[in-house]
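One-letter residues, chain by chain:
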Amino acid sequence: MRIVVARDYEELSKKAANILASQITLKPDSVLGLATGATPVGTYMELLRIYNEGDISFSEAVTFNLDEYYGLDKENNQSYYYFMMEHLFKHVNIKHKNIHIPDGRAKDIQEECIHYESKIAKAGGIDLQLLGIGRNGHIGFNEPDVKFEAETHLVTLDEDTIEANSRFFISPEEVPKQAISMGIKTIMHSKKILLLASGEEKAEIIYNMIYGKITPELPASVLQLHPDVIVLLDEEAASMLNKNRTS
Ligand code: GLP
């Protein structure tokens, strides 16, 4: 794991966008794994700025999102489809057929999951996977007690995740209880991974992810086994790492 500490959220977003922009520059037909949540919002904003200056093109890029709430329509403003359209896709020259997000309203979820995996494989696998991290250490929607060998599947959300994500809904009751998520195996097969974390509330989980034992109880800890991971933090999210250095 390579740990990079940015001064603040703004610098973190710039660094993350530069990494994504470099990936597309070096390999215009890159397969990007994309993430939602509050953390990557600044990254997408910065990526749009780079795009608007004419420095990158998405014309050959292919994307796969990590997850989607089960049961939400694409038009629902809390769906991850809606999020991605608003924050990135509708502003750039990506081909619609190259955008992939699990369909939360698919009639046959099992079939949708298998199909999603085969589309990733057919695209040649993910070149660069962007990740955030949940307060409980989840990546995508792979909650504690995850099966490391799982591919894309239907997950039941933790109470803690429902509570954390209720900030985006009118009330916690409105947060879907299930989601379709790439599995840990899918994520681990990505060639390169960029995990972002910002703010003090992520400091402890980041410390445990990096220095703790590898356990399904902390899904992101499995990233210790991946050969090419960049953990990009702001100073607050990195604040407990310094303690480790002095102890
Ligand atoms: C959601 C997403 C995750 C994301 C996490 C953290 O649950 N499924 O992919 O990493 O939230 O979100 P935030 O960046 O808002 O803390």
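Anything mentioned here points back to the structure above.
In this section: the overall build of the protein chain. Tallying secondary structure elements over the protein chain gives eight helices and ten strands in all. Its C-alpha radius of gyration of 17 Å places the protein chain within 12% of the 18 Å reference for a compact globule of 247 residues. Across its three principal axes, the protein chain shows a C-alpha extent of roughly 50 × 40 × 35 Å. Buried positions account for 55% of the 247 residues belonging to the protein chain.

Here we come to the packing of aromatic side chains. Enumeration according to the criterion identifies eight aromatic pairs in this entry. Note on Phe 64 and Tyr 116: the rings are 5.6 Å apart at their centroids and 80 degrees apart in plane angle, and the pair reads as edge-to-face. Highlighted residues: Phe 64 in strand E3 (residues 62–65) and Tyr 116 in helix H4 (residues 109–122), separated in sequence by 52 residues. For the pair shown, Phe 64 and Tyr 116 are each scored as buried. The rings of Tyr 69, Tyr 80, Phe 141 and Phe 169 are connected pair by pair, giving a single aromatic cluster. Between the NZ or CZ atom of Lys 74 and the centre of the ring of Tyr 81, over which it lies, the distance is 5.1 Å.

Here the focus is the sheet that holds strand E6 (residues 128–131). Within the open sheet, the seven strands sit side by side as E1-E10-E9-E6-E2-E3-E5. Their pairing is parallel. The open sheet terminates on both sides in strands that have one partner only, identified here as strand E1 (2–6) and strand E5 (99–100). Judged from the two bridges that link them, E3 and E5 form a sheet pairing that is parallel. Following the sheet pairing, Phe 64 is matched in E5 by His 100.

Once that is clear, we can look at the nonpolar core. Formed by 66 residues in total, the largest nonpolar core has its most connected members in Phe 58, Leu 88, Phe 89, Leu 195, Ile 206, Met 209 and Leu 223. A per-element tally of this core places helix H1 (residues 9–26) first, with six residues. With residues near it in sequence (within four places) discarded, Met 209 still touches Met 1, Ile 133, Leu 195, Leu 218, Ala 220, Ser 221, Leu 223, Gln 224 and Val 231. Judged by nonpolar contacts, the second largest core, of ten residues, contains Leu 72, Phe 141, Val 155 and Phe 169.

Calculation rules
Residues numbered from 1 in each chain as written. Predicted model: local features only at pLDDT ≥ 70, side-chain atom pairs only at ≥ 80, totals over all residues. Heavy atoms only, no water. Helix = DSSP H or I, 4+ residues; strand = E, 2+ residues; numbered from the N terminus. Rg over C-alpha atoms; globule rule 2.2 N^0.38 Å. Buried < 20%, exposed > 50% of the residue type's maximum accessible area, 1.4 Å probe, protein only. Phe/Tyr/Trp six-rings, centres within 6.5 Å; stacked < 30°, edge-to-face > 60°. Lys NZ or Arg CZ within 6 Å of the ring centre and 35° of its normal. Pairing = 2+ DSSP bridges. Core = buried A, V, L, I, M, F, W, Y, C linked by side-chain atoms within 4.5 Å. Contact = heavy atoms within 4.5 Å.

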